[in-house]
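# Descriptive structure summary
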Amino acid sequence: MAWRLCVAPMMDWTDRHCRYFHRLIAPRTRLYTEMITTGALLHGDMARHLDFDAAEHPLALQLGGSEPSELARCAALAQRWGYDEINLNCGCPSPRVQRGAFGACLMAEPALVRGCVAAMRDAVPSLPVTVKHRIGIDRVEDYGFVSDFVGTVGEAGCSVFIVHARNAWLDGLSPKRNREVPPLRPDTVARLKRDFPDRTFVLNGGLGDSGQLERELQRVDGAMLGRAAYHDPWRLREWEALAFGTPEPTGVVTRDDVEAAMVRYMERQAGTLGTPWLAVARHMMGLRLGEAGARRWRQVWSDHRLRGLAPVEVMQRARAAMVGDPQPA
Ligand SMILES: Cc1cc2nc3c(=O)[nH]c(=O)nc-3n(C[C@H](O)[C@H](O)[C@H](O)COP(=O)(O)O)c2cc1C
């Protein structure tokens, strides 16, 4: 059940503030960091990349890299920092990532990925090492390609595969278009589950409709939501109830509760790290989606001219603005 519902790793989006926000709404969902490359981690500011709030558990660190010894060192760091899982990115199609020879192009080198997973597992035997990948690269639509990949990587002890159910086209399509243009084929993930029944398969790509989510969860082990969760985060409650069967009681029961809890978080962040509230608030823009006055509420929370105000004052203004605008947005 640990992977039943997940929020996808998303660069520039799922930073620690965003994850804290999602956790308030969804207590049982597994959260993922943005991809961090081995180079950035080993040669950069480790604490800045790795620090998180204890409330974020269960939390996975997603790594980008293809050098087993470097990945092993990063895995050891992840363990030291208290992460619950290490995930290797084998799905990112960006040209920058391809030049670094990792991301989706690793799907063409299953033996190398097996070596990477083995090195990380040796370094941290107690943590699950998982892989996030596509169903193929470029125009290869042969099921054998992805099933060989899973079979080979599984030999190193990877037992959880998170599958973005579309190909990655590495020949010039931008990362954004690569999340839209290659067709989604969730049946391929269901087939993987049938062929490797003792492995865990998490379906990713285009999920958001509750009926579809419910149907897919009958044939795979879990679901990972990306853009839908980011743009309409309040629905994580509905998806959690669907994925786990029953709603879990939490201290946060309304959108007002979430907003107030985020204000307290912003105050703590400003006090300890000097983080401006705008850096936190940018992830909350979808919270009021569908409510009357949502657009005006968003405008207040994203107004840079208010940056000198305390977060609690911004909240008061945002709520007052909502009342002034009866149009849902
Ligand atoms: C802004 C953005 C950044 C992303 N960054 C990453 C990343 O760092 N690592 C990764 O594996 N996938 C990344 N992805 C892909 C998502 O994890 C996910 O696979 C993809 O969006 C499909 O799921 P969705 O249709 O539910 O959004 C990113 C997606 C978006 C929209």
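These remarks concern the structure in this document.

Rules behind the numbers
- Residues numbered from 1 in each chain as written.
- Predicted model: local features only at pLDDT ≥ 70, side-chain atom pairs only at ≥ 80, totals over all residues.
- Heavy atoms only, no water.
- Near = heavy atom within 4 Å.
- Polar contact = N/O pair within 3.5 Å; in protein donor to acceptor, adjacent residues only side chain to side chain.
- Areas by Shrake-Rupley, 256 points an atom, 1.4 Å probe, with all protein chains shown as cover.
- Nonpolar A, V, L, I, M, F, W, Y, C, P; charged D, E, K, R; others polar.
- Axes fitted to C-alpha atoms, helices over the stretch in contact; angles between N-to-C directions.
- Helix = DSSP H or I, 4+ residues; strand = E, 2+ residues; numbered from the N terminus.
- Parallel < 35°, antiparallel > 145°, perpendicular 65-115°, else oblique.
- Left-handed = near helix turned anticlockwise from the far one by under 90°.
- Contact = heavy atoms within 4.5 Å.
- Salt bridge = Lys/Arg side-chain N within 4 Å of Asp/Glu carboxyl O.
- Buried < 20%, exposed > 50% of the residue type's maximum accessible area, 1.4 Å probe, protein only.
- Pairing = 2+ DSSP bridges.
- Core = buried A, V, L, I, M, F, W, Y, C linked by side-chain atoms within 4.5 Å.

Here we come to the site of the ligand. Close to the ligand lie 17 residues; Gln 62, Asn 204, Gly 206, Gly 226 and Arg 227 are nearest. Take Asn 204: an N or O atom from its side chain is 2.6 Å from an oxygen atom of the ligand. Protein chains bury 92% of the 610 Å² of accessible surface belonging to the ligand in isolation. Broken down by class, the residue content of the shell around the ligand amounts to seven nonpolar, seven polar and three charged.

Packing of helix α14 (residues 294–301) against helix α15 (residues 311–323) brings their axes to within 8 Å, and their N-to-C directions diverge by 155°. In terms of orientation, α14 lies roughly antiparallel with respect to α15. Between α14 and α15 the crossing geometry is right-handed. Residue-level inspection shows Ala 294, Arg 296, Trp 297, Val 300 and Trp 301 of α14 in contact with α15, the latter providing Pro 311, Val 314, Met 315, Arg 317, Ala 318, Arg 319, Ala 321 and Met 322. Taken together, the residues that form the contact of α14 with α15 break down as ten nonpolar, no polar and three charged.

Let us now look at the pattern of salt bridges. All chains considered together, the criterion is met by 20 salt bridges. Of the charged contacts, one joins Arg 319 and Glu 259 as a salt bridge, the two residues approaching to 2.9 Å between their closest N and O atoms. Of this pair, Arg 319 sits in helix α15 while Glu 259 sits in helix α12 (residues 255–273); the two residues are 60 residues apart in sequence, bridging distant segments of the chain. Residues joined by salt bridges that share partners form a network here, namely Arg 255, Asp 256, Glu 259, Arg 288, Glu 291 and Arg 319.

The next thing to look at is the side chain of Asp 303. Among the structural elements, Asp 303 can be located in the loop between α14 and α15. For Asp 303, a relative accessible area of 16% translates into the label buried. Contact partners of Asp 303, with chain neighbours within four places excluded, come to Trp 277 and Leu 278.

Let's shift gears to the sheet that holds strand β1 (residues 5–7). With parallel pairing, the eight strands of this closed barrel are ordered in space as β1-β2-β3-β4-β5-β6-β7-β8. Across the sheet, the axes of successive neighbouring strands diverge by a mean angle of 25°, strand direction being ignored. Pairing of strand β6 (residues 160–164) with strand β7 (residues 200–204) involves five bridges; the strand directions are parallel. Of the residues in β7, the one forming a bridge with His 164 is Asn 204. Across the sheet, helix α7 (residues 143–154) touches β4 (85–90), β5 (129–134), β6 and β7, and the angle it forms with β5 is around 165°.

The next point concerns the nonpolar core. Counting 106 residues, the largest nonpolar core has Val 113, Val 131, Met 262 and Trp 301 as its most contacted members. Element by element, the count of residues in this core is highest for α12, at six residues. If sequence neighbours within four positions are ignored, Val 113 has contacts with Leu 88, Cys 90, Leu 106, Val 131, Phe 149 and Val 153.

With that out of the way, let us pick up the packing of helix α4 (residues 68–81) against helix α6 (residues 110–123). Look at α4 against α6: their axes get within 8 Å of each other, and the N-to-C directions meet at 40°. Crossing angle aside, the handedness with which α4 passes α6 is right-handed. In contact with Pro 68, Leu 71, Ala 72, Ala 75 and Gln 79 of α4, α6 contributes Gly 115, Cys 116, Ala 119, Met 120 and Ala 123. A per-class count over the contact of α4 with α6 returns eight nonpolar, two polar and no charged.

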